[in-house]
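Summary of the model geometry
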Amino acid sequence: MSLLRPVIGPLIVLASLWCASGHLTVATEGGGTRVAVPPQLSIAGVAAALLFIAVISGWRRSPWSAAPALLATLAWWPIPLPPIGLLFTGPLAFLPIWCAAALALALHPPRWRPQTSWPVPAPARAALAAGAASAAISIAVAWQLSPRLPGGDEPHYLVITQSLLRDGDLKIQNNHDRGDYREYYGGELRPDYIALPNVKDVYSIHAPGVAAVILPGFAIAGYRGAQATMIVLSAIAVALIWLAAFAATRSPAAAWFAWAATVSSLTFLIQSVTVFPDGAGMAAVAAGVWLLCRPDARERAPGIRPLVAVSIALAALPWLHSRFVVLAVGLGVTIAWQLSREPRGAARTRLAAFLAAPVISAAAWFAFFKVIYGTFNPSAPYGAAPVTFLSYVPGGLVALFLDQQFGLLTFAPALGIAGLGLFGREADRRSRRLARVLAAVAIAYLAAAASYWMWWAGVPAPPARFATAALPLLAVPAAIAWARADTMARGLGLTLLAVNVIIGVALLTIDHGALAWDVRGPSASWLAWLGPVVDLSRGWPSFFWRLTPPEVSTEGAFARHAVAWLAVWLLSAGALVRLARRGWSHRRVATAAAWWLPVTLAGAVQLGWWLDAPTTVYRPLISQLAVLRATAHETPGLRLAGFSAQPFLGATTAGLRLKTGVPPQDSESGKWAVSVLTDLPAGVYQLDVVSRRPIRGTLRLRSGARDAPFKTLPVAALSQQSFTLQLPASLPALVIDPDEPLAQVGGHVEVAPVVVPSPSFTANRATASRAGALFFLDDSVFVEADAFWVKGGTTAEFIVVVDDGREAIDLDLANGAAANAVMVATEAGSSTLALTPSESRALTVRVPPTSRAVHVRIASPAGFRPSDSGTSQDRRFLGVRVAVR
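Right, let's walk through the structure included here. None of the values given here were measured: they were computed from a predicted structure.

Examining the packing of helix α5 (residues 123-145) against helix α9 (residues 252-263)
- The interhelical angle for the contact between α5 and α9, taken along N-to-C directions, is 15°, at an axis separation of 11 Å. Accordingly, the angle class assigned to the pair α5 and α9 is roughly parallel. Both α5 and α9 take part in a crossing whose hand is right-handed. Together, A126, A129, A130, A133, S134 and I137 of α5 and W256, W259 and V263 of α9 make up the contact between the two elements.
- When its residues are assigned to classes, the contact of α5 with α9 shows eight nonpolar, one polar and no charged.

Listed below in structure tokens is the structure:
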């Protein structure tokens, strides 16, 4: 047994990695039979796994430290499992493995130690290092997100900058008319404003402060210069956060924890590289927090210059956004009260120096609205109707912290340790008072943001975007909590910090941050990716679940779920800390901590399912598609049902039925939702259409949300009917779109594979023709309403799937304005057609009787640009026009 001891732990981890890397789903949405496909092993993957296991020696010395990793294998056991047993599948399956690694490292830390002690840098140098590190991280984030930026309201702020630069005013209509925004934005951009009866000119609804801040950078380097400005301001903000946290705690470790908790939050990472008011606002707030934390009996009060600089920063906040008035007033009043406690002569001088800029700025700010809108009311740009209500505050405030799509603590749980700084007994009186003052300002600001219905969410928006400016107010209490915490509490803080990092890295790296922006609704896209088998979105609190906007009474389900969810995490963490304080050994405490995160997560999700009571807790579509793609390559798998495991080979024997079109709110009165099947393999599929009430309608099949339908299915007035769909090539997306009658009635489509051969073709898109559906295998075409152009100098390849029983199809070729030698090739052979300018030819192609699909390749060596004639603005390089009939 002693000989096997060193290999037990590594074997457990190796088996866990193998299961986590494979594909597992349920055959139907009702659960029951599980379908598991082992991973495709590669030399690089095996080497990485072995290296990972070899580096952590604790698994060899203490095999039981690998036990948490077994949770990643649970779904693969041939035993009956409740839905919660399938929680750790997909990306979430790696969480128990990382917990096991943390346990092994805690029990047996690396033997390496630095030969010399590292000197502790001066606070100013440490803050400079914090800012520089933040800037480096933001530059990497900007590079990663570059395909998606600028987006949202960014172009509107940039247009204001262009108006200031080129016209010297804030009137933006002429800038939109000229299309100035096309320098950095590809689509059409309409002015974002509200027409007011007493305002003749067009002024953006967005405040001009951001435009003024980024103006120098934009003048030098366009959008990248504006983005660099935001990165620099964000770096200054976190440097000031480090200094403020150090001044409040006198602990470099606490200051670095506050820095890390802030910088690792997805909210900061996105807002530090996007042109919005929040990054600049965070820098001004950080300056105020630094000034508030700095005066202390242990150091002299700040001089006049820092006072004036901070007052200017706070005075600029309302110009960035009207909601920042709460931050400016809250911090300004607190600092002024602090200054008033100094000796009378010094207090008057310093108060006058501090208040001068805010008073002047406030007068100018109100005058700005009076001059442009004819009123001193700062809400004038938003129209005459009231837009804020106190009744919106409670639900919106809780959602800003805990909502699964937009909650700050959902994506940055390490900032939750700030609560300990407010109430922790270990904190001294001054620290608790400081933490509570900062928290009060933060809550007041977030309440103001929540008073505007849905303002804090967005369509789409990154998480907690309006909480960005409040991050310095939360970071200092987090530092205070860290400085006073014991070993176990700090361990939990580091665990939550690791979750910050993992969430941020994962959501920013997947498809250039596609999951980091979400559209408000009952299901978060990142949770569907994280847990592809069971419905994590129903386990997490969602403000929009069962919500009827703007009826405040319907927010009760979210409030109940959020309170219960928070209670589970707080009670479990409190129990763990309490056990550690009772004298548990380091080994026992570390073991309990390693199990704490996955077990508490499972308990919280299960509690959410009980509270929300969805019709089903399975959402397996993503995992079903992954299994379908894997088995399309004839990969063997296992069907797990009860206490049996039956092997199978191929997609058609897996027994998968992909249910699509179920409304996300699981409501009987909900509409039939548009469904998207991504990367669907080539093959023949049976589509079973189920309507809640018999009604005639059509289902439109598209290859993209904006593409024209390539196939239309006529739905009869039946409750259930079936159609056959042939895909000669895999599609990046199959969109199933019901028309309005079907959408109103509600229903779903179940897709079952009939024949799924090993795919040999991949289509970019599909469209309809008179002969049938066209699948384009490359991007060498320009698709039009009833035909397509082959690009000049290229070869286009496509497949026609014939719907009716015809034996041949006709290709109508219309040459462009240049002589061309067009080559047409099919399975039956090839031919070259010498076409004169504007000549047309018809070519008949036989349809193979077995496949009912025709594979065609058309080459157009020559081409022309319609704009060369002087009568067209079309600059496309066109070859030959093809119509299939």
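Structure shown, so let's carry the discussion forward.
Some points on the environment of T724
- Along the chain, the position of T724 falls in strand β10 (residues 720-727).
- Sequence separation of T724 and H633 is 91 residues, and the distance between their C-alpha atoms is 22 Å.
- Leaving out residues up to four positions away in the same chain, T724 has contacts with V684, Y685 and K711.

Points about the sheet that holds strand β16 (residues 788-791)
- Sheet architecture is open: five strands sit in the order β15-β16-β23-β18-β21, paired in antiparallel fashion. Of all strands in the sheet, those with a lone pairing partner are β15 (781-783) and β21 (840-846), marking the two edges. When the angles between neighbouring strand axes are averaged without regard to direction, this sheet yields 25°.
- Of the pairings in the sheet, the one linking strand β18 (residues 808-815) to strand β23 (residues 878-884) comprises five bridges and is antiparallel in character. Among the inter-strand pairings, L811 is bridged to a residue of β23, identified as V884.

Re helix α23 (residues 586-612)
- Under the 1.5 Å per step criterion, the end-to-end length of α23 is 39 Å for 27 residues, consistent within 8% with the ideal 39 Å.
- The axis of α23 is deflected most strongly, by about 40°, at W596, and proline P598 appears within four residues downstream.
- A613, located one to two residues past α23, shows a positive phi value of around 50°.

Some details on empty space enclosed by the protein
- Throughout the structure, instances matching the rule amount to four cavities of 30 Å³ or more.
- Estimates place the volume of the largest cavity at around 220 Å³.
- Secondary structure elements with two or more residues in the lining of the largest cavity: α6 (154-166), α12 (304-320) and α14 (344-373).
- Counting residues per element, the lining of the largest cavity draws most heavily on α14, at five residues.
- Roughly 80 Å³ of internal volume is contained in the second largest cavity.
- As for the second largest cavity, its lining consists of Y193, I194, A195, L196, V199, D201, Y203, S204, I205, Y373 and P381.

Conventions used here
- For every chain, the first residue of its written sequence is number 1, and the numbers climb from 1 along that sequence.
- A pLDDT threshold of at least 70 governs which residues receive local features in this predicted model, and a stricter bar of 80 or more applies before side-chain atom pairs are shown or counted, although totals over entire chains, interfaces and linings include all residues.
- Side-chain calculation: all heavy atoms of the structure are included, whereas hydrogens and water are not.
- Angles run from 0 to 180 degrees between N-to-C directions of axes, and those axes are lines fitted to C-alpha atoms, restricted for helices to the stretch in contact.
- Elements are defined by DSSP. Helices are runs of H or I of four residues or more, strands are runs of E of two residues or more, and each kind is numbered from the N terminus.
- Throughout this description, any angle smaller than 35 degrees is read as roughly parallel, any larger than 145 degrees as roughly antiparallel, any in the 65 to 115 degree range as roughly perpendicular, and the remainder as oblique.
- Left-handed describes a crossing whose near helix is turned anticlockwise from the far helix through less than a right angle; right-handed describes the clockwise counterpart.
- Note on definitions: a residue-residue contact is assigned when non-hydrogen atoms from the two residues lie within 4.5 Å.
- Under the scheme applied, nonpolar residues are Ala, Val, Leu, Ile, Met, Phe, Trp, Tyr, Cys and Pro; charged residues are Asp, Glu, Lys and Arg; polar residues are all the others, including Gly.
- DSSP calls a pair of strands paired once it identifies at least 2 bridges connecting them.
- Each helix should span, by expectation, one fewer than its residue count multiplied by 1.5 Å.
- Bend is the name given here to the angle between axes fitted to two runs of seven residues, the run ending at a residue and the run starting at it.
- Using a grid of 1 Å spacing that covers the protein atoms alone, one calls a set of points a cavity when a 1.4 Å probe fits there but cannot get out, and a pocket when the set is open and has protein on both sides within 12 Å along at least five of seven lines; lining residues are those with an atom within 4 Å of a point.
- Grid points are joined across faces, edges and corners, and a volume is the space filled by probe spheres set on the points.

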